[in-house]
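For reference, the chains in residue letters:
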Amino acid sequence: MIGIATSRKRIAYITQLGKNFIHVVFPFEQSYDDNLCFQKIAQVPGDDKQYNHHLRILSKEDINDEVKKFMKLAIR
């Protein structure tokens, strides 16, 4: 697992690197269920303030406006 962070907080984790994909997890304090980009959203057991949002990127086209919105949200 590779963590990506600022001096203030964790932004994302790269959990898998495959031949043709990268799997990224964004930890948010709430669940963002209304989306088309995350394949799974799961609350971290024992932590009522972290919801991991799982994103699998297969091509550069997968980084669309919706994904960019969540990336910006993770940085804030």
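In the block above lies the structure referred to throughout.
Only a predicted model underlies this, so the values are computations on that prediction, with no experimental measurement involved.

Draft legend 1. Broad picture of a nonpolar patch on the surface. Residues Ile-2, Ile-4 and Leu-17 make up a contiguous nonpolar surface patch of roughly 280 Å² in combined accessible area. Since its relative accessible area comes to 44%, Ile-2 is described here as partly exposed.

Draft legend 2. Region of the structure containing the pairing of strand β3 (residues 22–28). The buried fraction of β3 is high, at six of seven residues. As paired elements, strand β2 (residues 10–17) and β3 share four bridges and run antiparallel to each other. Across the sheet, residue Tyr-13 finds its bridge partner in β3, namely Val-25. Alignment of β3 against strand β5 (residues 51–57), held across seven bridges, turns out to be antiparallel. From the neighbouring strand, Ile-22 faces β5, where its bridge partner is Ile-57.

Parameters at a glance
- Residues numbered from 1 in each chain as written.
- Predicted model: local features only at pLDDT ≥ 70, side-chain atom pairs only at ≥ 80, totals over all residues.
- Heavy atoms only, no water.
- Patch = residues over 30% accessible without salt bridge, like charges linked within 9 Å, V, L, I, M, F, W, Y side chains within 5 Å.
- Areas by Shrake-Rupley, 256 points an atom, 1.4 Å probe, with all protein chains shown as cover.
- Salt bridge = Lys/Arg side-chain N within 4 Å of Asp/Glu carboxyl O.
- Buried < 20%, exposed > 50% of the residue type's maximum accessible area, 1.4 Å probe, protein only.
- Helix = DSSP H or I, 4+ residues; strand = E, 2+ residues; numbered from the N terminus.
- Pairing = 2+ DSSP bridges.

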